[in-house]
Amino acid sequence: MSESNSAVLEAPSALADTVAVGIDDLLIGRPIQFPIFDDNGVLLLAEGAIITSDFKRLLRQRKLPEVKVHKDDVANITLSSDILAGVEEFSFDNAITQQLDKLVEGGLPPLQNNGPAVKDSMVSLGRIAYDNKQRERLVERNKENSKALNNMLDEALNGGRLDGAVATQMAGAYLNEMRADVENVLTSSVGVFDDECLSHQALQTSMLAMALGIELGFDTANVRTLGLIGLVHDWGMMKVPTRIRHSATPLTAEQFHEVKKHPIYSLELLDRATSIPGIVSLVSYQIHERPNGTGYPRGRSGNAIHQFARVIAVADAYTAMTTARKWRPAFMAYAAVETLVRDAGKKAFDPVAVRALLNVLALFPIGSLVTLSDGSVARVMRRNGKNYTKPIVQRLQDGTGPRWDWSSGGFYVC
C-alpha cells in the first residue's frame with residue numbers, strides 16, 4: 001500500500017476530531033500538534049509542522065477554501081470567530097507582531113524631517129482656475145493605478161511577493177503633481193470613487209494623507225512614506241470574508257471581530273514585500289488604533305501610536321465615511337468633516353491631524369455644493385489658506401435658477 005493511500009485510509013478516524021477552517025484563518029508561523037487534512041481525508045501537513053506562507057499558497061493553488069484541523073490545534077493556529085464568539089479580546093502573537101510590539105513598548109522616536117518642508121516648494125495658485133487637461137490626465141492615471149494595485153494584490157493573495165517599489169513610485173508621482181496643484185490632485189480622487197473597491201479607497205486615502213502631511217510641514221521623504229502606507233495599509237481587508245466586507249446590513253459584533261483581524265493579514269502580506277521600509281508595517285499595524293485607547297488591534301493610546309498612523313487614520317476615516325456601503329449612503333463631505341471634528345473632541349482622532357484636514361479640504365470640502373447668502377449655488381474648488389470657513393468657490397447657478405456663466409473665471413471667496 002502506498003504512503004498516500006495509507007494517509008487516506010487512516011484519515012477517517014482522525015477527521016472525527018477535526019473542524020473545518022478557512023485558509024485565510026490560518027496564522028503563519030504557528031506549529032501544529034496534529035496533522036491537517038483536506039475534506040477527503042488526504043494528508044496536507046504532518047504533525048509537528050509549522051504553518052507557512054508557502055503552505056497557504058499551495059492550498060490556494062489547489063483551490064481549497066478550507067482544511068480539516070484538529071480541534072485541539074484550532075485555538076492556536078486560527079483567529080476563527082466561531083471559536084472566539086462572545087470573547088471581546090483576542091490574541092494574535094506571532095513573530096511579526098511581537099517585534100512591532102517590542103518596538104512600540106520601547107518608545108517610538110519622534111518624527112523628524114531631514115529636508116525642507118514640501119509646503120515651502122508648493123506653487124501658490126490663489127484663485128487661478130483648474131487646468132482641466134491636468135485633471136483629466138489625473139483621473140485616467142487613477143484608473144491605471146487602480147488596476148495596477150489590484151494586480152499587485154491578486155499576486156500577493158496567490159502567494160507571490162509584492163514589489164513595494166511600484167507603490168513607492170506611485171506615491172512619488174502623486175507628490176510631484178501635488179507640488180503643482182494639490183487641490184486638483186485631490187479632486188481627481190476625493191469623492192470621485194463612489195464604490196467599495198479597495199484600490200479606489202487606497203488611492204483616495206493615500207492622496208489625502210499626503211496632503212495632510214504637506215499641511216503639517218513634513219519633508220519629501222515623510223510625505224512620500226505617508227502616501228506609500230496609504231496605498232498598502234488596508235490590503236489585509238481582502239482576506240476578510242466577502243459577505244462581511246460587502247454586508248448589506250450594519251456589522252454585528254461577531255462580524256466586526258472578523259474585520260479587526262485585517263491589520264494582521266496586512267502584516268502577513270507586507271512581510272512578503274520587497275523594497276518596503278520597516279516603518280510601513282508598524283504604521284499599518286496601528287492605523288486603526290485611537291488616541292483615547294478605543295481602537296484595535298492592541299488598544300494603544302497617546303504617544304504609543306506613531307504620528308504617521310494618527311495622520312492616516314484621519315484620511316482613512318474620511319474616505320470610509322464618504323464611500324457608500326450597501327447598508328448606508330455615502331456621508332456628505334461636510335458631515336464627514338463634522339463627525340471627525342466631534343470625534344477629535346473625544347480624542348478618538350488626533351486633533352492636530354483633524355485641523356490639518358480642515359485646512360486642506362475647508363469646512364465645506366473640495367467638490368461640495370454650497371448655497372450662498374444671495375441664494376445662488378456654488379461648488380467649493382479651492383481652500384483659502386487658513387480661512388477654512390471661507391473657501392474659494394465657483395458659482396454654478398444664480399438665485400433665480402439659470403446656470404451661471406463662468407466663462408470669465410467665476411472663482412471667488414465664499
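Residues numbered from 1 in each chain as written. Predicted model: local features only at pLDDT ≥ 70, side-chain atom pairs only at ≥ 80, totals over all residues. Heavy atoms only, no water.

## Focus: the nonpolar core
Okay, step 1: Counting 72 residues, the largest nonpolar core has Met178, Leu186, Trp235, Tyr318, Leu340 and Leu357 as its most contacted members.
Okay, step 2: Counting residues per element, this core draws most heavily on helix H14 (residues 307-321), at ten residues.
Okay, step 3: Ranked by size, the runner-up nonpolar core spans 15 residues in total, among them Leu26, Ile32, Leu45 and Ile77. (Core = buried A, V, L, I, M, F, W, Y, C linked by side-chain atoms within 4.5 Å. Buried < 20%, exposed > 50% of the residue type's maximum accessible area, 1.4 Å probe, protein only. Helix = DSSP H or I, 4+ residues; strand = E, 2+ residues; numbered from the N terminus.)

## Side note on the environment of threonine 205
Okay, step 1: Note on placement: threonine 205 falls in helix H8 (residues 198-215).
Okay, step 2: Along the sequence, threonine 205 and valine 314 sit 109 residues apart, while their C-alpha atoms lie 9.0 Å from each other.
Okay, step 3: A polar contact is formed between the side chain of threonine 205 and the backbone oxygen of glutamine 201, at a distance of 2.9 Å. (Polar contact = N/O pair within 3.5 Å; in protein donor to acceptor, adjacent residues only side chain to side chain.)

## Focus on unusual backbone geometry
Most of the time, phi is negative for any residue but glycine, and the peptide bond is trans.
Okay, step 1: A cis amide bond links tyrosine 296 to the next residue, proline 297, at an omega of 15°.
Okay, step 2: Positionally, proline 297 belongs in the loop between helix H13 (278-286) and H14.
Okay, step 3: At lysine 63, a position not held by glycine, the phi torsion is positive, near 55°.
Okay, step 4: The topology assignment puts lysine 63 in the loop between helix H2 (53-61) and strand E4 (66-70).
Okay, step 5: On the basis of relative accessibility, which here comes to 70%, the residue lysine 63 falls in the exposed class.
Okay, step 6: In the Ramachandran plot, lysine 347 falls in the positive-phi region, its phi being about 65° despite a non-glycine side chain.

## Section: the confidence of the model for the chain
Okay, step 1: On average, residues of the chain carry a pLDDT of 83, and 86% of them reach 70 or more.
Okay, step 2: Helix H9 (residues 220-232) holds the highest mean pLDDT among the elements of the chain, 97, whereas helix H4 (residues 81-84) holds the lowest, 37.
Okay, step 3: Within the model, pLDDT remains below 50 along residues 1-12, and this stretch shows ten contacts once partners closer than five positions in the same chain are excluded.
Okay, step 4: Note on residues 80-91: pLDDT is under 50 here. Beyond four places in sequence and across chains, it has 16 contacts. (pLDDT = per-residue confidence, 0-100. Contact = heavy atoms within 4.5 Å.)

## Brief notes about the packing of aromatic side chains
Okay, step 1: All told, the structure shown has two aromatic pairs when counted by the stated rule.
Okay, step 2: Here phenylalanine 256 and tyrosine 296 contribute two aromatic rings whose centre-to-centre distance is 5.7 Å and whose plane-to-plane angle is 90°, an arrangement assigned as edge-to-face. Note that phenylalanine 256 is positioned in helix H11 (residues 253-259) and tyrosine 296 in the loop between H13 and H14, a separation of 40 residues in sequence.
Okay, step 3: Its guanidinium or amino end placed over the ring of tryptophan 327, arginine 328 lies 5.6 Å from that ring's centre, counting from NZ or CZ. (Phe/Tyr/Trp six-rings, centres within 6.5 Å; stacked < 30°, edge-to-face > 60°. Lys NZ or Arg CZ within 6 Å of the ring centre and 35° of its normal.)

## With respect to the pattern of salt bridges
Okay, step 1: For the structure shown, the criterion picks out 14 salt bridges.
Okay, step 2: Of the charged contacts in the structure, one is a salt bridge between arginine 300 and aspartate 101, with a shortest N-O distance of 3.2 Å. Here arginine 300 is found in the loop between H13 and H14, whereas its partner aspartate 101 is found in helix H5 (residues 95-105), with 199 residues between them in sequence. Each member of the pair, arginine 300 together with aspartate 101, is buried.
Okay, step 3: With a shortest N-O distance of 3.3 Å, glutamate 105 and arginine 300 are connected by a salt bridge. You can see glutamate 105 sitting in helix H5 and its partner arginine 300 sitting in the loop between H13 and H14, a full 195 residues away along the chain.
Okay, step 4: Taking the relative accessible area as the measure of exposure, arginine 300 reaches 16% and is therefore buried.
Okay, step 5: In the salt-bridge network here, residues are joined through shared partners; they are Asp101, Glu105, Arg298 and Arg300. (Salt bridge = Lys/Arg side-chain N within 4 Å of Asp/Glu carboxyl O.)

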